[in-house]
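Chain by chain, the residues:
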Amino acid sequence: MGDSQTWTAAPSAAEHARSVLAAAWSCAVTAEGGREEFVGAHTVAEDGRVLLHVPEDSTLLAAAICAPRGEPSAVLEFADVAPVPVRGRIRARLWIAGWFVPGDGHLEFKATRVVLRRPSGAVVIDLDDFAAAAPDPLATAEAGLLTHLADCHPDAIERLTRLVDSDSLHGAVRVQPLAVDRHGLTLRIERARAHGDVRLPFHAPADDVARLTERMHVLLTQASAASCPRALQRQRTDGDG
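Residues numbered from 1 in each chain as written. Predicted model: local features only at pLDDT ≥ 70, side-chain atom pairs only at ≥ 80, totals over all residues. Heavy atoms only, no water.

A. Representation of the overall build of the chain. Per the secondary structure count, the chain includes 8 helices and 11 strands. A buried classification covers 43% of the 241 residues belonging to the chain. For the chain, the share of sequence-separated contacts (at least 6 apart) that also reach a separation of at least 24 residues comes to 54%. (Helix = DSSP H or I, 4+ residues; strand = E, 2+ residues; numbered from the N terminus. Buried < 20%, exposed > 50% of the residue type's maximum accessible area, 1.4 Å probe, protein only. Contact = heavy atoms within 4.5 Å.)

B. The arrangement of the sheet that holds strand β9 (residues 172–181) in detail. Taken in spatial order, the 3 strands make up an open sheet running β9-β10-β11, and their pairing is antiparallel. The sheet terminates laterally at β9 and β11 (195–201), the two strands that pair on one side only. Taken over all neighbouring pairs, the strand axes of this sheet differ in orientation by 25° on average, direction set aside. The pairing of strand β10 (residues 184–191) with β11 spans 7 bridges and is antiparallel. Considered in β11, the bridge of Gly-184 is made with Pro-201. (Pairing = 2+ DSSP bridges. Axes fitted to C-alpha atoms, helices over the stretch in contact; angles between N-to-C directions.)

C. Region of interest: the side chain of Asp-136. Among the secondary structure elements, Asp-136 is positioned in the loop between α3 (127–132) and α4 (142–152). One polar contact links the side chain of Asp-136 to the main-chain amide nitrogen of Arg-182, over a distance of 3.0 Å. Setting aside anything within four residues of it in sequence, one finds Asp-136 in contact with Glu-15, Ser-19, Asp-181 and Arg-182. (Polar contact = N/O pair within 3.5 Å; in protein donor to acceptor, adjacent residues only side chain to side chain.)

Here you go:
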């Protein structure tokens, strides 16, 4: 199956959380006054602090001014949504509990608890680890990279399935790119009534788009040297795809 891959690392929970935060465009805020959705209204500092820009007449701003200092009074929620349409499109959810401090033209959020929920379960992230972690270098480019792969290179996706164990492909009706980070590419394998994910690790980390292109070429070269999975051969013969 080509050269052996030895790079098997994956993002830590703190890095994953920071990546979700870096790529998120919207933010849901649950506070004493209820729940409100803000789109394109937040920015993120280098240490992960969330700065929320709200109108002067916002009930959230009034609640932040009146709330007792230091008492958790709000929860921020960010959704990690797969850019390519797949089943179970929410890949993770990030919750940050804490309180708002009014600033100059914004609300600064002081976190007291950070929780990341992934398909494998929820993880409470240490606040120091969260502040020190950096988002994946591909996080903000991921959506464009995956949609381009899905829309313009379906042949490459099919070729990459040659790197997947045939048992994982049994009954597959569709395979789509689900996620990519500096450590590898994840494929979503959909069946008639279920789905699963398979990770294809890179042989070395890809810290920018240029390196990602090289890593993908390595995977495709390995895939070209592999035999076509029997599961997909049956799928095409049966006309289920």
